[in-house]
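Now for the letters of each chain:
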Amino acid sequence: MTTPINLNKFRKAKAKADKNQSAKENRTKFGRTKSAKELDKALAEKAQKLIDSKKMSDDGSGED
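No experiment lies behind these values; they were computed from the predicted model shown. (Residues numbered from 1 in each chain as written. Predicted model: local features only at pLDDT ≥ 70, side-chain atom pairs only at ≥ 80, totals over all residues. Heavy atoms only, no water.)

What follows is about the overall build of the protein. Within the protein, the regular secondary structure consists of two helices and zero strands. A compact globule built from 64 residues should have a C-alpha radius of gyration of about 11 Å, whereas the protein, at 28 Å, is more than 25% larger. Each of the 64 residues in the protein was classed as buried or not, and the buried ones make up 0%. For the protein, the exposed surface amounts to about 6,800 Å²; the carbon and sulfur share of it is 57%. Distance between charge centres in the protein, computed from 17 positive and 10 negative side chains, equals 24 Å. (Helix = DSSP H or I, 4+ residues; strand = E, 2+ residues; numbered from the N terminus. Rg over C-alpha atoms; globule rule 2.2 N^0.38 Å. Buried < 20%, exposed > 50% of the residue type's maximum accessible area, 1.4 Å probe, protein only. Areas by Shrake-Rupley, 256 points an atom, 1.4 Å probe, with all protein chains shown as cover. Lys, Arg positive; Asp, Glu negative; His and termini not counted. Charge placed at Lys NZ, Arg CZ, Asp CG, Glu CD.)

What follows covers the environment of A42. Structurally, the position occupied by A42 is in helix α2 (residues 34-54). The class for A42 is partly exposed, based on a relative accessible area of 41%. Along the primary structure A42 and K14 are separated by 28 residues, whereas in three dimensions their C-alpha atoms are 43 Å apart.

A side chain with one charge can pair with a side chain of the opposite charge if their charged atoms come near. With the rule as written, the count across this model stands at three salt bridges. Its salt-bridge partner being K55, residue D52 comes within 3.8 Å of it at the nearest N-O pair. (Salt bridge = Lys/Arg side-chain N within 4 Å of Asp/Glu carboxyl O.)

With that settled, the discussion passes to helix α1 (residues 7-30). An ideal rise of 1.5 Å per residue puts 34 Å on 24 residues; α1 measures up with 34 Å between its terminal C-alpha atoms. If you check the start of α1, you find a side-chain oxygen 3.1 Å away from the backbone N of N8, and it comes from N6. (Expected span 1.5 Å × (residues − 1). Polar contact = N/O pair within 3.5 Å; in protein donor to acceptor, adjacent residues only side chain to side chain.)

Now the structure itself:
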């Protein structure tokens, strides 16, 4: 005869394994390193400065 299985422990272990699997998938899907985030921020700031430097000044002079 086989040994009895505690179904409650089996259910909890399966739920934990499923949770770990979904966490692993989310880390690969959404996770980004700090350096990658900082690089994107720096590039966005540089692009904004470039756009700001190309804008024409609107000081109100010249048109009546």
